[in-house]
Amino acid sequence: MFGAAIAEFEFTQVFADAPIDGFARGQQNALTDAQKRGALLFFGAARCVECHKVSGESNEMFSDFTQHVIGVPQIAPVTGNVTFDGPGQNEDFGLEQITGNSSDRYKFRTSPIRNVALQPAFFHNGSFTRLEDAVRHHLDVFTSARNYSPSVAGIDSDLTAPMGPIEPVLARVDPILATPINLTDDQFRELVDFVRNGLLDQRAKPENLRKLIPRSVPSGFPVLRFEE
């Protein structure tokens, strides 16, 4: 009964009614004109959809659910109870940790990006804290990775230990990302607008989810309190 009750609640926590969904159902004004232009870039020239898929087994989650090397900067915590990979213990070998196959080094699963605007950080290690920076990295991974600065990226100071080498990562970058994609400033803003707002179900916002927290529970234990 516990399991069934929890499952029923979890079924209510699927937030997949974003402007892009309304537009797909024929609501032509569900997306703004700028977001429509951003969508054309997402599905076209910017090539985002090649990994952030909406067909086949992706179930419209905007992910191919497979692993790629996308040149993510190698950050690691200053202290911790996890031993990182590589001779300097400051690398993350990704999928290789699971398969033991060196050809899988630095591969990580494509993240679904529905409601991505609500994420506090991006990529498997949180190396970027602004959506604009994460999108810009995809457009030119070599320039982004080689010029990466943890402080400029806005990550917490406890993640600013000496960074792992980036060139071995870039040597394995997925061919999909091998050629930089040039967008005008307006195109870049429109692409980010689509990703941030066109894929966002308003029901998933924290102020709405907090309303689900009960004032009390039958056990008498204190309920969770969430940071603003």
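Notes on the structure follow. Keep in mind the model is a prediction, meaning the values are calculated, not measured. (Residues numbered from 1 in each chain as written. Predicted model: local features only at pLDDT ≥ 70, side-chain atom pairs only at ≥ 80, totals over all residues. Heavy atoms only, no water.)

### Some remarks on the pattern of salt bridges
The tally for this structure, following the rule as stated, stands at 12 salt bridges. The closest approach of N and O atoms between aspartate 104 and lysine 107, which form a salt bridge, is 3.6 Å. Aspartate 104 sits in the buried class, given a relative accessible area of 11%. Classification of lysine 107 by relative accessible area gives partly exposed; the value is 25%. Between aspartate 186 and arginine 189 there is a salt bridge, with the nearest N and O atoms lying 2.3 Å from each other. Linking aspartate 186 with arginine 189, this pair stays in helix H9 (residues 185-198), spanning 3 residues, or about one helical turn. What makes aspartate 186 partly exposed here is its relative accessible area of 46%. It is possible to trace a salt-bridge network through shared partners that takes in Arg130, Asp133 and Arg136. (Salt bridge = Lys/Arg side-chain N within 4 Å of Asp/Glu carboxyl O. Buried < 20%, exposed > 50% of the residue type's maximum accessible area, 1.4 Å probe, protein only. Helix = DSSP H or I, 4+ residues; strand = E, 2+ residues; numbered from the N terminus.)

### Some thoughts on the packing of helix H5 (residues 131-139) against H9
At a closest axis distance of 10 Å, the pairing of H5 and H9 adopts a crossing angle of 120 degrees. Taken as a pair, H5 and H9 cross one another with a handedness that is right-handed. Contacts from Leu131, Glu132, Val135, Arg136 and Leu139 in H5 reach Phe188, Leu191, Val192, Val195 and Arg196 in H9. Residues of the contact of H5 with H9, tallied by class, amount to 7 nonpolar, no polar and 3 charged. (Axes fitted to C-alpha atoms, helices over the stretch in contact; angles between N-to-C directions. Left-handed = near helix turned anticlockwise from the far one by under 90°. Contact = heavy atoms within 4.5 Å. Nonpolar A, V, L, I, M, F, W, Y, C, P; charged D, E, K, R; others polar.)

### Section: the nonpolar core
Core analysis: the biggest nonpolar cluster contains 23 residues, and Phe42, Leu191, Phe194 and Val195 have the highest contact counts within it. At the level of secondary structure, the elements contributing two or more residues to this core comprise helix H3 (33-43), H5 and H9. No other element matches the 5 residues that H9 contributes to this core. Excluding its chain neighbours within four sequence positions, the residues that come into contact with phenylalanine 194 are Ile20, Leu31, Gln35, Gly38, Ala39, Phe42, Phe43 and Leu199. Core analysis: the second largest hydrophobic core is formed by 12 residues, Ala145, Val169, Leu170 and Leu177 among them. (Core = buried A, V, L, I, M, F, W, Y, C linked by side-chain atoms within 4.5 Å.)

What is shown is where atoms sit, not what they do.
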